[in-house]
Amino acid sequence: MKIPSNAPPHLAGGITTQKPGVKTDPTSGRKKAGTQQSGASGTAMQQRISYWFAQIGVTPHAVDFRGFEPQELANFRRLKEQNRLNNLKSIMTIAMGVSYSESSTEQIDPDWFHAFTAMAENIYAAEMQELWGKILAVEVQRPGSFSLRTLETLTKLTQRDAELFSRACQLACRRNQDPTPVILTGYHVKAGLLSLLSPASNGAVQLSQHGLTYTDILALSNMKLLYATEVETGLLPKGTSQLLKFSKTQLQLTPKHASLWLTYYRFTSVGAELAKLIPRNESANMLADVQQLFRRYFTVIS
């Protein structure tokens, strides 16, 4: 792409799509081959860039620092609106195809719906459109299921962010009657005679071995989906069971001593709402790890 003659002086001579010539020994083709390979790579990159900008009506020949033709502007606006409309149609189609067992006679909040469409029209990835379609279906069937704060958070998530959140959901469970998911991290033993007899009495679930590192925890915290600080249950009465509900399996943990407590990461309210939409395939390795770890100080029943 050639820089126009009226481009700033410090740019006009410094930017070009052609790589500067490389002076090499005529008897050696190694640098020439390297230059050709680099040029091919640059061409492929330019083609990818051109492809994405073409989706919104911007083409290399249309770039002119002196202004744009009315037809170019009209084409840009037409494609932009067309893409937004296609996004909404895709999400609507997905929502209409969702089967939902519950039903309510309550009407969806008009303000919620218009806020939803204003955000959803800018969702382009098919995987994310699937998520937005499910949200709409659930909200229509049961108004009030998703807050606008959750939608605003969702607009900032990329497909990779969603995949990371999905991994966290596979490791999550619900404790007793609490509907908010948690990720169990281990247990602690209160200092006393028991800990003196067994110095290495604390147990920790190695989440990194199950695909969730502490860096991932911090990333999910920055997304407002998970709290980055571990939560403690407080001392658990001896003989009082704790029920952990994974997607398909339930574990009943009963403390053998009156000096134990559990630790876990807790989902935020936004994370808890979005977790309802994530297909959960519990991790068999995570379950086995928890059962083996907790048997030392808990009676474990599955």
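Residues numbered from 1 in each chain as written. Predicted model: local features only at pLDDT ≥ 70, side-chain atom pairs only at ≥ 80, totals over all residues. Heavy atoms only, no water.

Peer 1: Account for the overall build of the chain, naming residues and giving values.
Peer 2: Across its full length, the chain carries 11 helices and 8 strands. Across the 302 residues that make up the chain, the buried fraction comes to 36%. (Helix = DSSP H or I, 4+ residues; strand = E, 2+ residues; numbered from the N terminus. Buried < 20%, exposed > 50% of the residue type's maximum accessible area, 1.4 Å probe, protein only.)

Peer 1: Can you break down the packing of aromatic side chains residue by residue, with the values?
Peer 2: Tallying each qualifying case throughout the model produces 7 aromatic pairs. Ring centres 5.9 Å apart and planes at 55° place the aromatic pair Phe165 and Phe267 in the tilted group. In this pair, Phe165 is assigned in helix α7 (residues 159-171) and Phe267 in the loop between β7 (260-266) and α10 (269-275), connecting sequence segments 102 residues apart. A residue is classified by how much of its surface remains accessible, and Phe165, at 4% relative accessible area, is buried. With a relative accessible area of 2%, Phe267 lands in the buried category. Ring centres of Phe294 and Phe298 lie 5.3 Å apart, and the angle between their planes is 55°; on these two criteria the pair is classed as tilted. By relative accessible area, which is 1% here, Phe298 ends up buried. (Phe/Tyr/Trp six-rings, centres within 6.5 Å; stacked < 30°, edge-to-face > 60°.)

Peer 1: Kindly report on the nonpolar core, identifying the contributing residues and their values.
Peer 2: The nonpolar side chains of a soluble globular protein tend to be buried with one another. Judged by nonpolar contacts, the single largest core of 62 residues is most densely connected at Ile183, Phe294 and Phe298. With 7 residues, the single largest contributor to this core is helix α5 (residues 126-141). Leave out the neighbours within four places in its chain, and Ile183 touches Ala168, Leu171, Ala172, Leu207, Leu212, Leu226, Tyr264, Tyr265 and Phe267. (Core = buried A, V, L, I, M, F, W, Y, C linked by side-chain atoms within 4.5 Å. Contact = heavy atoms within 4.5 Å.)

Peer 1: Describe the packing of α5 against helix α6 (residues 148-155), and please don't skip the residues or the numbers.
Peer 2: Running from N to C, α5 and α6 cross one another at 175°; their axes reach a closest spacing of 12 Å. It follows from the interaxial angle that α5 and α6 lie roughly antiparallel. Between α5 and α6, the residues in contact are Met128, Leu131, Trp132 and Ile135 and Leu151, Leu154 and Thr155, respectively. In the contact of α5 with α6, the residues fall into 6 nonpolar, 1 polar and no charged. (Axes fitted to C-alpha atoms, helices over the stretch in contact; angles between N-to-C directions. Parallel < 35°, antiparallel > 145°, perpendicular 65-115°, else oblique. Nonpolar A, V, L, I, M, F, W, Y, C, P; charged D, E, K, R; others polar.)

Peer 1: Would you mind going over the sheet that holds strand β2 (residues 182-189) in detail, with residue names and values included?
Peer 2: Here 4 strands make up an open sheet; going across it, the order is β3-β2-β7-β4 and the pairing antiparallel. At either end of the open sheet lies a strand with only one pairing partner, and these are β3 (203-204) and β4 (231-232). One ladder, built from 2 bridges, connects β2 with β3; its direction is antiparallel. Considered in β3, the bridge of Tyr187 is made with Gly203. (Pairing = 2+ DSSP bridges.)

Peer 1: I'd like a rundown of α5, residues and numbers included.
Peer 2: Spanning 16 residues, α5 covers 23 Å between terminal C-alpha atoms, matching the ideal 22 Å at 1.5 Å per step. Those residues of α5 that fall on the buried side of the exposure criterion are Met128, Gln129, Leu131, Trp132, Gly133, Ile135, Leu136, Ala137, Val138 and Glu139. Tucked into the core, α5 has its buried residues touching α3 (70-96), α4 (110-120), α6, α7 and α10. (Expected span 1.5 Å × (residues − 1).)

Peer 1: Describe in detail unusual backbone geometry, supporting the description with residues and values.
Peer 2: Located in the positive-phi region is Asn176, a residue other than glycine, with phi close to 55°. Tracing the backbone through its elements, the reader meets Asn176 in the loop between β1 (174-175) and β2. For Lys224, which is not glycine, the phi dihedral falls at a positive 65°. Examined against the element boundaries, Lys224 turns out to sit in the loop between α9 (214-222) and β4.

Peer 1: Go over the pairing of strand β6 (residues 250-255) with me, naming the residues and quoting the values.
Peer 2: Here 4 bridges tie strand β5 (residues 242-245) to β6, and the two strands are oriented antiparallel to one another. Following the sheet pairing, Gln242 is matched in β6 by Leu253. Between β5 and β6, which pair antiparallel one after the other, the connecting turn spans 4 residues. Sheet topology note: the β6/strand β8 (residues 298-301) ladder contains 4 bridges and is antiparallel. Opposite Thr254, over in β8, you have Thr299 as the bridge partner.

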